[in-house]
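Structure at a glance
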Amino acid sequence: MSTDPFVLEVNGQSHEVADAHPGESLLRVLRERLGLPGSKNACEEGECGSCTVLVDGQTVCSCLVLASTAAGRQITTIEGISGDDGLSHVQEAFVDAGAVQCGFCTPGLIVSIGSLLESDPDPSDLAVREAISGNLCRCTGYGRVLEAVHLAATRRGGST
Amino acid sequence: MTDLATSKRTAAPRIGEDTPRPDGVPKVAGTFAFSSDLHHDRMLWGGTLRSPHPSARIRSVDISAAVAVTGVHAVLTNEDVPGSLTYGLEHRDQPVLAADVVRYEGEPVAIVAADNPEALRMAIDAIAVDYEPLDPLVDPDLAERADPIHPDGNLVRRINLIHGDQDVSGEVQVEGTYEVGMQDQAFLGPESGMAVPAEDGGIDLYVATQWLHSDRDQVADCLGLDPARVRLTLSGVGGAFGAREDLSLHVHLCMLALHTRRPVKMVYSREESFHGHVHRHPARMWFRHHADRDGTIVRVESRLVLDGGAYASSSGAVIANATCFAAGPYRVPSAHIDGAVVRTNNPPCGAMRGFGAVQTCYAHEAQMDRLADALGMDPVELRLHNALAPGDELLTGQTITGTAPVAEVIRTCADHPSGASMAVDPMELPGGAGRTADPEHVVRGEAFALGFKNLLFSEGFDDFSEASCHLADGVATITSACAEVGQGFVTLAQQITCEVLGVDDVVLLPASTDGIGSAGSTSASRQTWMSGGAIQEACGQVRVQLLERLAAEHGVDADDLVVADGRVVSMAGGLEIDLVEATAEPIEASVVFRHAPTLPLDENGQGDAHVSFAFSAHRAIVDVDVELGLVKVVELTTSQDVGRVLNPLQTIGQLEGGAAQGVGLAVMEEVLVEGGRIRNASFTDYLVPTALDMPPVEIAALIEQAEPGAPFGAKGIGEPPSISSTAAVAAAIRNATGLDLPRVPVRPTDIVFPEGAA
Amino acid sequence: MTYSHVSPTYDVDKMLNGRQHGGVPVTIATSLEDACAALAAEPGSLVLAGGTDLMVEVNRGSRSVEDVVALNRIPELAGWHLTGDELRLGAGVTFAEICDPEIAALVPALAQAARTVGSPQIRNAATIGGNIATASPAGDSIPVLAALDAVLELRSAEASREVPVTEFITGVKATCLMPGELIEAVRVPVLDGPQEFCKVGPRNAMVISVASLALLVDRSARRIRVGLGSVSPMPLRATQAEDHVSGHLDWDNGVPPRLEVVREFAELVASSASPIDDHRGSAAYRRHAVRVLAQRSLTRVLNRVSSS
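Residues numbered from 1 in each chain as written. Chains lettered and ligands numbered in written order. Predicted model: local features only at pLDDT ≥ 70, side-chain atom pairs only at ≥ 80, totals over all residues.

What follows covers the overall build of chain B. Within chain B, the regular secondary structure consists of 16 helices and 32 strands. A compact globule built from 758 residues would reach a C-alpha radius of gyration of about 27 Å, and chain B, at 27 Å, matches this within 12%. Seen through its principal axes, chain B has C-alpha atoms that stretch 75 × 75 × 55 Å. The buried share of chain B, taken over its 758 residues, is 64%. In chain B, once contacts between residues fewer than 6 apart in sequence are set aside, the share between residues at least 24 apart is 81%. (Helix = DSSP H or I, 4+ residues; strand = E, 2+ residues; numbered from the N terminus. Rg over C-alpha atoms; globule rule 2.2 N^0.38 Å. Buried ≥ 20, exposed ≤ 12 C-beta atoms within 10 Å, placed from the backbone. Contact = placed C-beta atoms within 7 Å.)

Right, let's get into the sheet that holds strand E11 (residues 172-180) of chain B. Read across the sheet, six strands follow the order E10-E18-E17-E16-E11-E32 (chain B) without closing on themselves; strand pairing throughout is mixed. Both edges of this open sheet fall to strand E10 (155-163) and strand E32 (743-744) of chain B, since each of them pairs with a single strand only. (Pairing = 2+ DSSP bridges.)

We now examine the interface of chain B and chain A. With 49 residues of chain B at the interface, the matching set in chain A holds 42 residues. Within the residue set of the side of chain B that touches chain A, elements represented by two or more residues are helix H1 (24-29) and helix H14 (648-667) of chain B. With eight residues, the top contributor of residues to the side of chain B that touches chain A is H14 of chain B. Along the lines of polarity and charge, the residues of the side of chain B that touches chain A split into 24 nonpolar, 17 polar and eight charged. (Nonpolar A, V, L, I, M, F, W, Y, C, P; charged D, E, K, R; others polar.)

For residues with low pLDDT, the predicted coordinates do not support detailed interpretation. All names here are of chain C. In this model, chain C carries an average pLDDT of 91, and 91% of its residues clear a pLDDT of 70 or more. Contacts of residues 1-22 to residues separated by more than four positions or lying in other chains number 62 contacts, the stretch itself having pLDDT below 50. We note a pTM of 0.96 for the whole complex and an ipTM of 0.98 for its interfaces. (pLDDT = per-residue confidence, 0-100.)

Next up on the list: the environment of alanine 20 of chain A. Residues and elements named next belong to chain A. Note that alanine 20 resides in the loop between strand E3 (13-17) and helix H1 (26-33). Assessed through the 27 C-beta atoms surrounding it within 10 Å, alanine 20 is described here as buried. In this structure the C-alpha to C-alpha distance between alanine 20 and threonine 3, which are 17 residues apart in sequence, comes to 5.6 Å.

With that out of the way, let us pick up the sheet that holds strand E4 (residues 52-55) of chain A. Residue and element names in this part refer to chain A. Spatial ordering of the open sheet is given by E3-E2-E6-E4-E5, a layout of five strands whose pairing is mixed. Since the sheet does not close on itself, it has two edges, and those belong to E3 and strand E5 (58-61), each with one partner. Between one strand and the next, the sheet's axes are offset by a mean angle of 40°, whatever the strand orientation. Where helix H4 (residues 106-119) meets the sheet, it contacts E4 and E5, and its direction lies at approximately 40° from that of E4. (Axes fitted to C-alpha atoms, helices over the stretch in contact; angles between N-to-C directions.)

Looking now at the domain arrangement of chain C. All names here are of chain C. Split into domains, chain C comes out as domain 1 (25-70), domain 2 (77-189) and domain 3 (195-307). For domain 2 and domain 3, the distance between their C-alpha centres works out to 21 Å. Taken together, the contact between domain 2 and domain 3 spans 22 residues of the former and 23 residues of the latter. Taken together, the elements giving at least two residues each to the side of domain 2 that touches domain 3 come down to helix H6 (108-115), helix H9 (142-147), helix H10 (165-168) and strand E10 (169-171). In terms of residue count, H9 provides more of the side of domain 2 that touches domain 3 than any other element does, five residues in total. When its residues are assigned to classes, the side of domain 2 that touches domain 3 shows 14 nonpolar, seven polar and one charged. (Domains from an automatic or database assignment.)

To continue, consider the domain arrangement of chain B. One widely used convention gives an interface's size as the accessible area the parts lose upon coming together. Residue and element names in this part refer to chain B. Segmentation of chain B into domains returns domain 1 (24-32 + 464-594), domain 2 (37-135 + 207-237 + 244-263) and domain 3 (283-458 + 601-752). If you average the C-alpha positions of domain 1 and of domain 3, the two centres end up 37 Å apart. Contacts between the two partners involve 16 residues from domain 1, matched on the other side by 17 residues from domain 3. Secondary-structure elements contributing two or more residues to the side of domain 1 that touches domain 3 are helix H11 (489-501) and helix H12 (527-554). Element by element, the count of residues in the side of domain 1 that touches domain 3 is highest for H12, at six residues. Of the residues contributing to the side of domain 1 that touches domain 3, the split by class is five nonpolar, ten polar and one charged.

So, on to the environment of alanine 18 of chain A. Residues and elements named next belong to chain A. Relative to the helices and strands, alanine 18 resides in the loop between E3 and H1. Given 14 C-beta atoms within a 10 Å radius, alanine 18 is considered partly exposed. Through-space distance from the C-alpha of alanine 18 to that of serine 82 is 28 Å; in sequence the pair is 64 residues apart.

Take H4 of chain A next. Residue and element names in this part refer to chain A. Helix length check: H4 (14 residues) gives 20 Å between terminal C-alpha atoms against 20 Å at 1.5 Å per residue, within 8%. The element H4 is largely enclosed, with a buried count of twelve among its 14 residues. Within H4 the residues assigned to the buried category are Thr106, Pro107, Gly108, Leu109, Ile110, Val111, Ser112, Ile113, Gly114, Ser115, Leu116 and Leu117. (Expected span 1.5 Å × (residues − 1).)

Turning next to the environment of alanine 572 of chain B. Along the polypeptide, alanine 572 of chain B turns up in the loop between strand E24 (567-570) and strand E25 (576-578). Between the C-alpha atom of alanine 572 of chain B and that of leucine 388 of chain B, which follows or precedes it by 184 residues, the distance is 48 Å.

All names here are of chain C. Across the eight residues that make up H6, a large majority, seven, are buried. Among the residues of H6, those classed as buried are Ala109, Leu110, Ala111, Gln112, Ala113, Ala114 and Arg115. The inward-facing, buried residues of H6 contact helix H4 (95-98), helix H5 (101-106), helix H7 (120-125), H9, strand E13 (195-200) and strand E14 (211-218).

Residues apart from glycine generally show negative phi values, whereas peptide bonds are mostly found in trans. All names here are of chain B. Here the bond from valine 744 into proline 745 is cis, since omega is -5°, no more than 30 degrees from zero. By the secondary structure assignment, proline 745 is in the loop between E32 and helix H16 (748-752). For arginine 261, which is not glycine, the phi torsion reads 55° and is therefore positive. For arginine 261, the position within the fold is in the loop between helix H5 (250-260) and strand E15 (264-267).

A separate point is the packing of helix H4 (residues 212-223) of chain B against H5 of chain B. All names here are of chain B. Two numbers describe how H4 lies on H5: the axes approach to 10 Å, and their chain directions differ by 45°. Classified by the interaxial angle, the pair formed by H4 and H5 is oblique. Where H4 crosses over H5, the two elements pack in a sense that is right-handed. Side by side, H4 and H5 meet where Asp215, Val219, Cys222 and Leu223 of the first sit next to His250, Val251 and Cys254 of the second. Each residue belonging to the contact of H4 with H5 can be placed in one class, and the counts come to five nonpolar, one polar and one charged. (Parallel < 35°, antiparallel > 145°, perpendicular 65-115°, else oblique. Left-handed = near helix turned anticlockwise from the far one by under 90°.)

Once that is clear, we can look at the pairing of strand E12 (residues 182-189) of chain C. Residue and element names in this part refer to chain C. Taking burial as the measure, the eight residues of E12 include seven buried ones, the bulk of the element. In terms of strand pairing, strand E7 (residues 86-90) meets E12 through five bridges, oriented antiparallel. In the strand pairing of E12, leucine 89 is matched with valine 186. The pairing of strand E8 (residues 151-155) with E12 spans five bridges and is antiparallel.

Okay, structure coming up:
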């Protein structure tokens, strides 16, 4: 069985999804049907945050969103964070601050941190730690990630 | 082959600089292809049926219902394995698919390929296996006396290390029994890959792994194929930490692809991943330390039992490390260490960052603190008093000929001022977001720990790495099968090449078994040294060829020529050639790099078995809510013996990341196994530190003393941070609570009910 | 530097081909009436609110999906309003919204509990109605709602009814929700007095509760209210402990009670628990933990009462 066709608005583009399995998560549809594998599947139970995307501007675990129920929402994935004009401040800061190792958690972290900086442009260390507490990273121990957030915050502040 | 990620630089990177990762941009953009992102238009989905029992006889396997599921293309069992029925890193003792018996929960029994994940799941569920469950052997202490659960027996390896005069004893003796729980590597990217059948009857396997050529050889053997027809290519690796040193889905994918003549992709779920790779060995350890009144250690006795689980994996090498480094980086003239690793029906254990040294470090450092206490001596002074130095002997009788700045590591770490203040926000107290503690409920503790381990492969293993360099039109193309698993080898490869050749442009070809020999495993903190060394040497040979050619062409002395910043110039002046022009005619060199040979251990565990050693120290400050048994690690300070820093940013990343895994083992990470069954095979219940659990890591010092034989003098740095960090955190909790805490991870109940009430 | 990396090719058109299935109705209800009608038509439907619990089971394959009714776009379920001393939270209010200072000022313990639910991503999706309907003994909002004597408004195509949360949950992951019925709203009183919520877990964030406790001061009723989490199959009020401590407090002058009273209270709280052993914690530890939490949270609120 599959669901009736539905349309997802992802990174400003409409995608018709014609034959999703009834239980298929937004993560699976993004990765396997829409050619957007940037959101990662590390646990599929909302514990690791590797699949974090924005739905109507809010961070959610796309593995816990039933794809068909996201129809009509504005979905932004990691692929939509870096636009035609290049990398975002957060993305650049991740490279420059050494916050990337294996990179599997990186897309989710970048989405979460981008969202944090929208609401709190100059967050304290504690605010950053709470904001990314749902994004597990196994390589970095979070030290360089915190550096990257502060670097991005500084650059954002300087650019506005 | 698409997606050539390019990161433009302004200046050529050099050794010692914060060169950014070449794969950084695609990784932050979400375009870096991990092994789970592989896609092929004609691909099928592969999956695995696993044993629900830790020990059972298989009476029958009925695949008929599974084959009948719409969309299913293959259902294969043990009978379909074309070549060797077993595989393994050290001993080929592990079945590709279980035949008549299963020896651990999660052991693969059958594999399926189907059009889509839903049909796959239905078909796996439809396979009927008739099991006769058996009583599992789950207590490692009973393994040697129990009936063998495997034809190879229940003892995987025993090392009875006898060193020095066995009749000495110390005036002061301390004794303790310690236990380490089973840790999971918990890499973020689950096992995944794709096999594509080739026209020559061979197979192309794209997979996330640590050691392509070892995989290739084992896969070829199990497929009954000439290794030349089995080509492995490294796909994007989402972390490894030891868990990808063994085969997992490799042979299964190839069998399905060869059978269906279609590309097959497989991705483990997180739950399956917990069953699908080896873990860090749980350990039970007894120690007795003897010392003189002045604190000089005179003898160490120990018995170690590691639980290897159902199959050997790398257990033999793990117990060697646990045994050889059991007493820590101290001068110990007399020792008896009885180290054994045994087989049980628990989940198989093998490589994880720190590889045997983590377990014993936790124990020997607890012993050192006990000894300091018994002597009334400062724990740091006791360590300094006994610290190894170059020229000293190890427990194996081997003399340290390389660098060993142990005293420097101790002093810099212990003397470093702490920046830890008292927490004010309840979020920063033990219990974190749960707001369980107020400052008056918290006791602060502080402690120090020291650890070490060997770098590179030991015990006479023929350890080598092959690399080639092709220089043409000013562009250096490097070929190496070294597995980049996140550690940053790709950055170092670029830095080394630029440093040696003075080029601006480096192309690092995909790691593959095709066209280059083995680089060895990305483990044992060895790739910077081994594959870095291979690249350095290959580039060096190209450089010599280039300069000799130019010298001949221009009638100058080759010794007078230098390459720098994309040009070849003569120091005497008068000659300046652009490198692009100078290399219009390509130059190439291939090298096989080997470290100094090692020897096997003899029957007493003695011998020059190791190449080099790296030392690290951690000081931990913790806040403990003693009443609730909750811990917040407030600060970690570390010093490490690194030989030479090749990339400061990546060095910091290794030290911080390794420490996080150490913190995890100290306070929360454990695969809970009951009756051979994993109780917490998920990220909901296997807890790894979040950003609110991990403290800042203060780097007190990176001790740079060039290591002979290592490229640029650089030692491997990946493992030490995971070794002494666990011991330091556990000791700091002891310091806060006054409890013995003979087991990690320290659970809330260990603090609340230290007598074992519950 | 050029770094080559083997990458798959994506051909979206081809990826979307090749599956022949029948349709499965997914109703994205945009009104309460729609949702009730869809549920009346297919009472066995999977009812999805935030999805953060159910989708875990769906992903694992342990819950089959046939008909789906999604509740996350129903305006009547979103939002909250205050009527006198009563706060009515739509069942679709998320935990992120409950953390908002405006709600936190009205039901501080609920906001504290909300902040311990999963991670920011989970709190953005997970709803209070979903947390109640899941009926896990470890549900973070449950002890607070039990302490508040929260009343649930249930609704189906045919009827509406009201059930106290303590009666709604009938066992581990079991409720009195009838086929075709859904939670419309949660009503709780706005109490006069400080509130505390504490949760014990072996990690500092994103952890399933091993034990939790909500303690609320109700000055007008001169009562301390205590709800417990993860120590019983159903929502649990420590009524004996409440009676004891409420009778021993100096409500008029705020003189702190003797330490012995606080200890007796904590003992009574612990004895009201009926915890189990599981892989997340032992029964003995859970009982011990609620004793400690009882003592600490009472001390906290009394400090605030006496300092105000």
